[in-house]
Amino acid sequence: MSLLIPSFSAEEFRRRAQHQKGSAIELASREHGDHLLNPSLVDFASGLKLRDAAVLVPVVDDGDDAKVILTQRTTKLRKHSGQIAFPGGAVDAEDPSPEDAALREAEEEIGLSRMFVEPISRLPTYFATTGFRITPVLAVVRPGFELVLNPDEVADVFEVPLSFLMNEANHVRSSREFEGTVRHFYQMPYGERNIWGVTAGILRTLYERLYA
């Protein structure tokens, strides 16, 4: 008799995420999240001078209801200041892969040691109109880590239950005008925090590919 693995445990997340491997991921950017709401967004972003970036989507192994680590960026930063974000940043020439870049940035921003992090797979590329081509790296984080924030980049760090983020009822569609064009996006209000923009777009893609 097999035991049922809880839907929002880190073990089940790992099982679902492993199916993201393969070149087909790279072809799916237009099919999910913000990009699906804004058919011209990928073409618009592709016309910009894009820099490669990577973010870590860190799912903490916390029993039946895993948690996702998120940060709040400081207001000092030039781009996405004050917003809720995943640990991450630009891919440097010294980074062997997006996974290495995401792990390095997580260590630099919040002190998350890579010895606790198990990269699993990637989500489709997210094209940000602020000039980045972002690779989301899905990972499981084992308990026992300690976080130390870089005050120049991160104002706060917190965890949100995976079950909350993967519940479509918590995904609110919104829109605003950007450079003369109406852009549609998702918001995921969580207590006093408003998860939106790139972060919500990546989380929505995670939902559509793994949990829908």
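Residues numbered from 1 in each chain as written. Predicted model: local features only at pLDDT ≥ 70, side-chain atom pairs only at ≥ 80, totals over all residues. Heavy atoms only, no water.

**Re the pattern of salt bridges**
Spelled out, the test is: By convention in these notes, a salt bridge is any Lys or Arg side-chain nitrogen within 4 Å of a carboxyl oxygen on Asp or Glu. Secondary structure elements are defined from DSSP: runs of H or I of at least 4 residues count as helices, runs of E of at least 2 residues count as strands, and each element is numbered from the N terminus. Categorising residues by exposure relies on relative accessible area from a 1.4 Å probe, with only protein chains included: less than 20% of the type maximum marks a residue as buried, more than 50% marks it as exposed, and the intermediate range marks it as partly exposed.
Scanning the entire structure with this criterion turns up 16 salt bridges. Salt-bridge contacts for R114 lead to D100; the nearest nitrogen and oxygen are separated by 3.9 Å. Taken together, the residues span a long stretch of sequence, with R114 in the loop between α4 (98–110) and β5 (117–122) and D100 in helix α4 at a distance of 14 residues. Relative accessible area serves as the criterion here: at 34%, R114 is assigned to the partly exposed category. For the salt bridge of E168 with R204, the shortest nitrogen-to-oxygen distance reads 3.3 Å. In this pair, E168 is assigned in the loop between α5 (162–165) and β9 (172–178) and R204 in helix α6 (residues 197–211), connecting sequence segments 36 residues apart. Look at R204 and you get buried, because its relative accessible area is 9%.

**Things to note about the nonpolar core**
Across soluble globular proteins, nonpolar side chains have a tendency to be buried as a group. Worth spelling out the cut-off: In these notes, a set of buried Ala, Val, Leu, Ile, Met, Phe, Trp, Tyr and Cys residues joined through side-chain atoms within 4.5 Å is what counts as a nonpolar core.
F13, L165, I195, I202 and L206 are the most contacted members of the largest nonpolar core, which totals 37 residues. Looking at this core element by element, the count peaks at eight residues for α6.

That is the geometry; function is a separate question.
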